[in-house]
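As a plain string of letters, each chain reads:
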Amino acid sequence: MEHALTLHRRGRLDEARALCEELLQEVPASVQPLSLLALIAAQQGDFAHALVSYDRIIALQPDFADAYSNRGASFAALNRPKEALANFDQAIAIDADHVEAHLGRAITWLLLGDFARGWPEFEWRWKSPQGRAMQKRKGVLQPPWLGAEDIAGKTILIHSEKGLGDTLQFCRFAKPVHDLGATVLLQVQEALVEVLDLDGVAQVFTDTQQPPPFDVHCPLLSLPMALNIELAGIPAGKYLRAPIASAARWRAKLGERSKPRIGLVWRGDPDNPIDHKRSLALAQLLPHLPGRYQYMSLQKELNESERRIVAAHSLDFNQSQEMNFVETAALCECLDLVISVDTSVAHLSAALAQKTWILLPFNADCRWLLDRSDSPWYRSATLYRQERSGDWGGVLTRVAADLNRQFT
């Protein structure tokens, strides 16, 4: 078994899986190789096989909370939220402090639009190793504000905690906090400081700068709970704006519009652990794009493979170098449409109230809810979801059809 664990740690998943199966042929009722086999199957996207293994584990050890929690995660990955919730509940019934089960339940409730239960449950994230490490890194000594106390006349520090897209999505709640009578300080990733010219925010500064004195603090993703936000009450209008001078400079650079202009984003941050399921290759995207539009790359830069593809393609494909978020926002305001995978530019474009088509994997992030083509977070967004895991072809076929209808 130790060799299987070593192979797994080294990323040699196929070998580790085969070895687990050999061990189970010798000792079928062995929980440890079954657990590793289920974990590897889930990592490889084979959730049906993972479920079979978790069933066997639970039959052998019915009080194993981890097995229920992990089985819930596999059901969630298959977009089967009711079964996911039942397993998370069972894990919590066995172990009331099971952090992963609480977080799985929170995310599933949010996926279903049950904000009243989802956002409070999401506070369990601070008990995870990542959450504790973040709290230690932030080192905030002032008390948290989670909505219970009156903050009129106080200064509150609202700070980022996750990715750029999360910050762009949740910074909209700074204005409602200001409307409660508070002075709002906003601490975010350096890349976003210049673009977050938000109503109700007294000062924006980077997460490496020392903030001015403040009374209380709140992480951005705790604001929906603190403000008692319901699905129908999300402030979904335009809340970002590009600098006028930057937008004017882009309009002058692009010149007179001869055909619709469409911005493209086909991949996110490769260091993101879920990037493999949310990104696609440029070579997959280009054949589906009608040739009568002007396409603009909103990727920060192209790699060598992508440059070769662009050079060989007949499309009028422009790419802008050294794009920061201010320049990207300004360019978005000069376009007729942005087509993007689920990454920060999708949030930026939609927060600018630009028409934005967002390409989503089969098991999409809970913010996009379940089985919807619209988004209560962004009125200008349309969602294109995979109907099967990994099937970008079906998504892009629908996009191409809608492009032809959109500008006829």
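(A) Focus on the overall build of the protein. For the protein, the helix and strand inventory stands at 19 helices and ten strands. The C-alpha atoms of the protein give 23 Å as radius of gyration, which agrees with the globular expectation for 408 residues (22 Å, within 12%). The principal-axis extent of the C-alpha atoms belonging to the protein is close to 70 × 60 × 35 Å. Within the protein, the fraction of its 408 residues that count as buried is 52%.

(B) Here's a closer look at the layout of surface pockets. Each pocket or cavity is described by its volume, and for the second largest pocket that value is around 370 Å³. The element best represented in the lining of the second largest pocket is helix H9 (residues 129-138), accounting for three residues. Classifying every residue of the lining of the second largest pocket gives seven nonpolar, eight polar and five charged.

(C) Looking closely at the nonpolar core. Counting 95 residues, the largest nonpolar core has Trp145, Val177, Leu196, Leu359 and Leu403 as the members making the most contacts within it. No other element matches helix H17 (residues 325-332), which puts six residues into this core. When neighbours within four sequence positions are excluded, leucine 196 is seen to be in contact with Thr167, Leu168, Cys171, Leu186, Val188, Val204 and Leu240. If you look at the next biggest cluster of nonpolar residues, it comprises 20 residues, including Leu37, Ala41, Phe75 and Ala101.

(D) Here's a closer look at helix H19 (residues 392-406). Taking 1.5 Å per residue, 15 residues should reach 21 Å; H19 reaches 20 Å between its end C-alpha atoms and fits that length. The set of residues buried in H19 consists of Trp392, Val395, Leu396, Val399, Ala400 and Leu403. Along H19, the residues classed as buried sweep out an arc of 135° about the axis, all on the same side. If you check the start of H19, you find a side-chain oxygen 3.3 Å away from the backbone N of glycine 393, and it comes from aspartate 391.

(E) Broad picture of the pattern of salt bridges. Within this structure, the stated rule accounts for 21 salt bridges. Between aspartate 89 and arginine 105 there is a salt bridge, and its shortest N-O distance comes to 2.9 Å. Of the two residues, aspartate 89 sits in helix H6 (residues 81-94) while arginine 105 sits in helix H7 (residues 99-111), which places them 16 residues apart along the sequence. Since its relative accessible area comes to 35%, aspartate 89 is described here as partly exposed. A relative accessible area of 14% places arginine 105 in the buried class. With its nearest N and O atoms 3.2 Å apart, the salt bridge here joins aspartate 199 to arginine 241. One end of the pair, aspartate 199, is in the loop between strand S2 (183-188) and strand S3 (201-206); the other, arginine 241, is in the loop between helix H12 (223-226) and helix H13 (244-254), and 42 residues separate them in sequence.

(F) The arrangement of unusual backbone geometry in detail. Backbone geometry places leucine 369, a non-glycine residue, at a positive phi of 60°. Tracing the backbone shows leucine 369 in the loop between strand S9 (356-360) and strand S10 (381-385). Non-glycine residue aspartate 371 carries a positive phi angle of around 60°. Note that aspartate 371 resides in the loop between S9 and S10.

(G) Expanded view of the packing of helix H4 (residues 47-60) against helix H5 (residues 65-77). The contact between H4 and H5 brings their axes to 9 Å, and the two run at 155°. Put simply, H4 runs roughly antiparallel to H5. As for how H4 packs across H5, the hand of that crossing is left-handed. Of H5, the residues touching H4 (which contributes Phe47, Ala50, Leu51, Tyr54, Asp55, Ile57 and Ile58) are Ala67, Tyr68, Asn70, Arg71, Ser74, Phe75 and Ala77. Classifying every residue of the contact of H4 with H5 gives ten nonpolar, two polar and two charged.

(H) Just the sheet that holds strand S1 (residues 155-159), in detail. With respect to topology, four strands assemble into an open sheet ordered S3-S2-S1-S4, the strand pairing being parallel. The open sheet has two edge strands, S3 and strand S4 (216-219), and neither has a second partner. Each neighbouring strand pair of the sheet contributes to a mean axis angle of 20°, computed without reference to strand direction.

Cut-offs applied
Residues numbered from 1 in each chain as written. Predicted model: local features only at pLDDT ≥ 70, side-chain atom pairs only at ≥ 80, totals over all residues. Heavy atoms only, no water. Helix = DSSP H or I, 4+ residues; strand = E, 2+ residues; numbered from the N terminus. Rg over C-alpha atoms; globule rule 2.2 N^0.38 Å. Buried < 20%, exposed > 50% of the residue type's maximum accessible area, 1.4 Å probe, protein only. 1 Å grid on protein atoms, 1.4 Å probe; cavity = no way out; pocket = protein on both sides within 12 Å on 5 of 7 lines; lining within 4 Å. Points joined across faces, edges and corners; volume = space filled by probe spheres on them. Nonpolar A, V, L, I, M, F, W, Y, C, P; charged D, E, K, R; others polar. Core = buried A, V, L, I, M, F, W, Y, C linked by side-chain atoms within 4.5 Å. Contact = heavy atoms within 4.5 Å. Expected span 1.5 Å × (residues − 1). Arc of directions from axis to C-beta. Polar contact = N/O pair within 3.5 Å; in protein donor to acceptor, adjacent residues only side chain to side chain. Salt bridge = Lys/Arg side-chain N within 4 Å of Asp/Glu carboxyl O. Axes fitted to C-alpha atoms, helices over the stretch in contact; angles between N-to-C directions. Parallel < 35°, antiparallel > 145°, perpendicular 65-115°, else oblique. Left-handed = near helix turned anticlockwise from the far one by under 90°. Pairing = 2+ DSSP bridges.

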